[in-house]
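Here is how the chains run, residue by residue.
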Amino acid sequence: MRSTVRVLTCLLVGPLPAINLSAQNVTQVAAVQPDTILPRVTQLAEAEQRPSDLLPPAYRRQPYGSQGKFNPLSMLVNRGLDVWRLEQFSPSLVKFPYKESATSVWHTLTHPREAIGRTGTWSFVKTEMLPLRWRHWRAAWMPNYTLHFLQGGVTYVRTEGWFADHGWPVPKLWAGATVFAAAYITEMAEVGYSEAGAQAIADLLVFDLGGILAFNIPAVRKWVGNRRILDWSLQPVFTPYGEVYNVSDFITFKFGVPFVDDVDFLWRLGLGSWLGLSFARGESDALSFAVGGVTTRTIVDQTTYEQSITAGVGAGVFYDRNGSLLASLEWTPEQWAHLNVYPGILPGPLRDLGLMFSLDRELRPRVGLVAGSIGMGIGLSHRGPDKYDAQYGRMNR
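Residues numbered from 1 in each chain as written. Predicted model: local features only at pLDDT ≥ 70, side-chain atom pairs only at ≥ 80, totals over all residues. Heavy atoms only, no water.

A. Examining the overall build of the protein more closely. Across its full length, the protein carries 13 helices and 13 strands. The 397 residues of the protein split such that 48% are buried. Partitioning the intrachain contacts of the protein with sequence separation of at least 6 by distance along the chain shows that 59% fall at a separation of at least 24. When the accessible surface of the protein is split by element, carbon and sulfur atoms take 65% of a total near 20300 Å². (Helix = DSSP H or I, 4+ residues; strand = E, 2+ residues; numbered from the N terminus. Buried < 20%, exposed > 50% of the residue type's maximum accessible area, 1.4 Å probe, protein only. Contact = heavy atoms within 4.5 Å. Areas by Shrake-Rupley, 256 points an atom, 1.4 Å probe, with all protein chains shown as cover.)

B. Main features of the packing of helix 6 (residues 98-110) against helix 10 (residues 171-191). Two elements in contact, helix 6 and helix 10, have axes whose closest approach is 9 Å; the angle formed by their N-to-C orientations is 110°. It follows from the interaxial angle that helix 6 and helix 10 lie roughly perpendicular. The two elements helix 6 and helix 10 meet at a crossing, and its hand is right-handed. Side by side, helix 6 and helix 10 meet where Tyr-98, Ser-101, Ala-102, Ser-104, Val-105, Trp-106 and Leu-109 of the first sit next to Tyr-184, Glu-187, Met-188 and Val-191 of the second. Classifying every residue of the contact of helix 6 with helix 10 by side-chain character gives eight nonpolar, two polar and one charged. (Axes fitted to C-alpha atoms, helices over the stretch in contact; angles between N-to-C directions. Parallel < 35°, antiparallel > 145°, perpendicular 65-115°, else oblique. Left-handed = near helix turned anticlockwise from the far one by under 90°. Nonpolar A, V, L, I, M, F, W, Y, C, P; charged D, E, K, R; others polar.)

C. Focus on the packing of aromatic side chains. Under the counting rule described, the total for this entry stands at 13 aromatic pairs. Taken together, a centroid distance of 4.9 Å and an interplanar angle of 80° make the contact between Phe-96 and Tyr-98 edge-to-face. Accessibility expressed as a relative area gives 6% for Phe-96, which makes it buried. Between Tyr-145 and Phe-207 the ring centres are 4.9 Å apart and the planes differ by 70°, which places this aromatic pair in the edge-to-face class. One end of the pair, Tyr-145, is in helix 9 (residues 141-165); the other, Phe-207, is in helix 11 (residues 199-214), and 62 residues separate them in sequence. Judged by its relative accessible area of 34%, Tyr-145 falls in the partly exposed class. Linked through ring pairs, Trp-162, Phe-163, Trp-168 and Trp-174 together constitute an aromatic cluster. Here the guanidinium or amino end of Arg-158 rests over the ring plane of Phe-70, the centre of that ring lying 6.0 Å away. (Phe/Tyr/Trp six-rings, centres within 6.5 Å; stacked < 30°, edge-to-face > 60°. Lys NZ or Arg CZ within 6 Å of the ring centre and 35° of its normal.)

D. Examining helix 10 more closely. Taking 1.5 Å per residue as the helical rise, helix 10 with its 21 residues ought to reach 30 Å, and the 30 Å between its terminal C-alpha atoms agrees with that figure. Just downstream of helix 10 lies Gly-192, where phi reads positive at about 60°. (Expected span 1.5 Å × (residues − 1).)

E. View of the nonpolar core. Core analysis: the largest hydrophobic core is formed by 49 residues, its most contacted members being Leu-81, Trp-84, Val-105, Tyr-156 and Phe-215. Mapped onto this core, the elements with two or more residues apiece are helix 5 (72-80), helix 6, helix 7 (112-119), helix 9, helix 10, helix 11 and strand 4 (251-256). With eight residues, helix 10 is the largest single contributor of residues to this core. With sequence-adjacent residues up to four places away left out, Phe-215 is seen in contact with Phe-149, Leu-150, Gly-153, Val-154, Tyr-156, Val-157, Val-220, Arg-221 and Val-224. Leu-234, Leu-266, Val-294 and Leu-325 belong to the second largest nonpolar core, which has eleven residues in total. (Core = buried A, V, L, I, M, F, W, Y, C linked by side-chain atoms within 4.5 Å.)

F. Main features of the confidence of the model for the protein. For the protein, per-residue confidence averages 81 on the pLDDT scale, and residues scoring 70 or more make up 77% of the total. Mean pLDDT values for the elements of the protein range from 41 in helix 3 (residues 34-48) up to 96 in strand 2 (residues 237-238). (pLDDT = per-residue confidence, 0-100.)

G. Seen up close, the environment of Ser-92. With respect to the helices and strands, Ser-92 occurs in the loop between helix 5 and helix 6. Considered as a pair, Ser-92 and Tyr-241 are 149 residues apart in the sequence and their alpha carbons are 7.9 Å apart. Within polar-contact distance, the side chain of Ser-92 engages the backbone nitrogen of Val-94 at 3.3 Å. At a separation of 2.9 Å, a polar atom in the side chain of Ser-92 contacts the main-chain amide nitrogen of Lys-95. (Polar contact = N/O pair within 3.5 Å; in protein donor to acceptor, adjacent residues only side chain to side chain.)

Here you go:
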């Protein structure tokens, strides 16, 4: 047990430096002249003023755009409530069954044999754990590896950077707790009044927790540092009705095109996967075009609790500066137009504000105004359907 605690401590906190108090070292310290101490103190003070030099590479502090508005709270909303943009979910924070969904997820995690037994052990392994089922609408292992493990791990490193940058003690522990909390909220958001299936075990205990631990390994963190991995998440907007819109957790990879200096391959990862090209405009800006699949609905088998999905096609145009997204315009199966303008692009006193505007398939608008300091804002929208009321009614017939 003690060895296990030491291993987890080294992963999350890091090894402590060895202190050698030999007589020789004490003599050397005593012999140090004051004129050599003062420059060293100055260097340390300058290092304190440049925390970004020592921060995790996935966290890039910028005063504008999507990466400028990043913080643990906006990440918690974007990542935790990401699934609410699917058509079968209600965006209501007021009507959501917090107690019922949290209890259902906890029951599944504490009774894994019961949950896996309903699905079947072999079905659970080939659907959730290993790449053995390749029909994309039933291959739950795909989002497990990409969204829960890869994206969750990168988000953990980025959140650690935010905590370290803002002077929080033990930033790895705070980041791990925050990202795992977002993952738990995701499972709650998927469940509602229904029962959590075995996928919650794979999601939380294998891939979400595994991503947090794996992205503490130095080789993995070095891999992250050698890649352009960008936070292109949306800007959550809350309405007076207690609903939240414009939530989605996206990370974007850019890879250089061989023999071409000003063009990059682009891969945007979230609830769906988009591929495209990014074209440099000057020294810092880039204009990107991408197209790909968009998850529109999840379907749960009421006997085995296995999940499948339906999907459509979407496309978008993106403008970023030094990797931080300034504006995006998207077309998806649910929306004719979806515009996000991030803080840092509007002129004058509006510079610290962001904007959101969308038109759904029935041409109903949504608008929002976002505060750059918190990465979230307020807005107006048509009322969403009371889907939790309908779900509760079906349970109590």
